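Examining the three-dimensional arrangement
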Amino acid sequence: MEIMRGMGDMSSFFAMAHTQAEASDMLLPYMTEQEADVFRRGRNANPNSHPKHASLSDYHKATALEALFGFLHLTGQKDRIRDMAAMIWEHYMENTDEQ
């Protein structure tokens, strides 16, 4: 049961705008030109809602990352999704080990 609670905490952590924004910053240098364009369009979208627990900057980056993953999914680029998710996970694990 403790493992499940830890996994729930982890999924909540990765769903936070700040965490997604940090992942976006880390992934940006590895994005193709097309991926970076999708990311920029997602970031520049004007949302109808305002973040309650995040800065507007983090919220825009998180939205852009979600748009990018949606684009990759819709275009059938599952290997690229896995690659990016692995990079995010490795980044998270490296930074958690340091704390």
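Residues numbered from 1 in each chain as written. Predicted model: local features only at pLDDT ≥ 70, side-chain atom pairs only at ≥ 80, totals over all residues. Heavy atoms only, no water.

Another aspect to go through is the confidence of the model for the protein chain. The pLDDT averaged across the protein chain works out to 83; a share of 81% of its residues lies at or above 70. Within the protein chain, the lowest mean pLDDT, 47, falls on helix H1 (residues 2-15), and the highest, 95, falls on helix H3 (residues 33-43). Every residue in residues 1-12 scores below 50 in pLDDT, and together they form 2 contacts with partners more than four places removed in sequence or on other chains. (pLDDT = per-residue confidence, 0-100. Helix = DSSP H or I, 4+ residues; strand = E, 2+ residues; numbered from the N terminus. Contact = heavy atoms within 4.5 Å.)

The next point concerns the environment of Leu65. Mapped onto the secondary structure, Leu65 falls in helix H4 (residues 56-74). Once the C-alpha coordinates of Leu65 and Ala36 are considered, the two residues, 29 residues apart in sequence, prove to be 10.0 Å apart. Those residues in contact with Leu65, other than ones at most four positions away along the chain, are Gln20, Ala23, Ser24, Leu27 and Phe39.

To continue, consider the packing of H3 against H4. Where H3 meets H4, the closest approach of the two axes is 7 Å, and the angle between their N-to-C directions is 135°. In terms of axis orientation, H3 runs oblique to H4. Here the hand of the crossing between H3 and H4 comes out right-handed. The residues of H4 that touch H3, namely those facing Gln34, Glu35, Val38, Phe39, Gly42 and Arg43, are His60, Lys61, Thr63, Ala64, Leu65, Ala67, Leu68, Phe71 and Leu72. (Axes fitted to C-alpha atoms, helices over the stretch in contact; angles between N-to-C directions. Parallel < 35°, antiparallel > 145°, perpendicular 65-115°, else oblique. Left-handed = near helix turned anticlockwise from the far one by under 90°.)

Among the nonpolar cores identified, the biggest contains 15 residues, and Leu27, Met31, Leu68, Phe71, Leu72, Met84 and Ile88 are the most heavily contacted of them. Per element, the largest residue contribution to this core is 5 residues, and it comes from H4. (Core = buried A, V, L, I, M, F, W, Y, C linked by side-chain atoms within 4.5 Å. Buried < 20%, exposed > 50% of the residue type's maximum accessible area, 1.4 Å probe, protein only.)

In this section: the packing of helix H2 (residues 17-27) against H4. Contact pair H2 / H4: the axes reach a minimum separation of 8 Å and the direction vectors enclose 65°. Overall, the two elements H2 and H4 adopt an arrangement that is roughly perpendicular. As for how H2 packs across H4, the hand of that crossing is left-handed. Contacts between H2 and H4 involve Ala17, His18, Gln20, Ala21, Ala23, Ser24, Asp25 and Leu27 on the former and, on the latter, Asp58, Tyr59, Lys61, Ala62, Leu65 and Glu66. When grouped by side-chain class, the residues that make up the contact of H2 with H4 number 7 nonpolar, 3 polar and 4 charged. (Nonpolar A, V, L, I, M, F, W, Y, C, P; charged D, E, K, R; others polar.)

Inspection of every chain in the model, using the stated rule, returns 4 salt bridges. Between Arg40 and Asp37 there is a salt bridge whose closest N-O contact spans 2.5 Å. Pair noted here: Arg40 and Asp37 are both in helix H3, with a separation of 3 residues, about one helical turn. Overall, the relative accessible area of 37% leaves Arg40 in the partly exposed class. Two residues, Arg82 and Asp79, come together in a salt bridge whose shortest N-O distance is 3.7 Å. Placement of the pair is Arg82 and Asp79 together in helix H5 (residues 78-98), with a separation of 3 residues, close to one helical turn. (Salt bridge = Lys/Arg side-chain N within 4 Å of Asp/Glu carboxyl O.)

Bringing the environment of Ala17 into the picture now. Within the fold, Ala17 resides in helix H2. Taking the relative accessible area as the measure of exposure, Ala17 reaches 18% and is therefore buried. It is 9.4 Å that separates the C-alpha atoms of Ala17 and Leu56, two residues lying 39 residues apart in sequence. The residues contacting Ala17, other than those within four sequence positions of it, are Ala54, Asp58, Tyr59 and Ala62.

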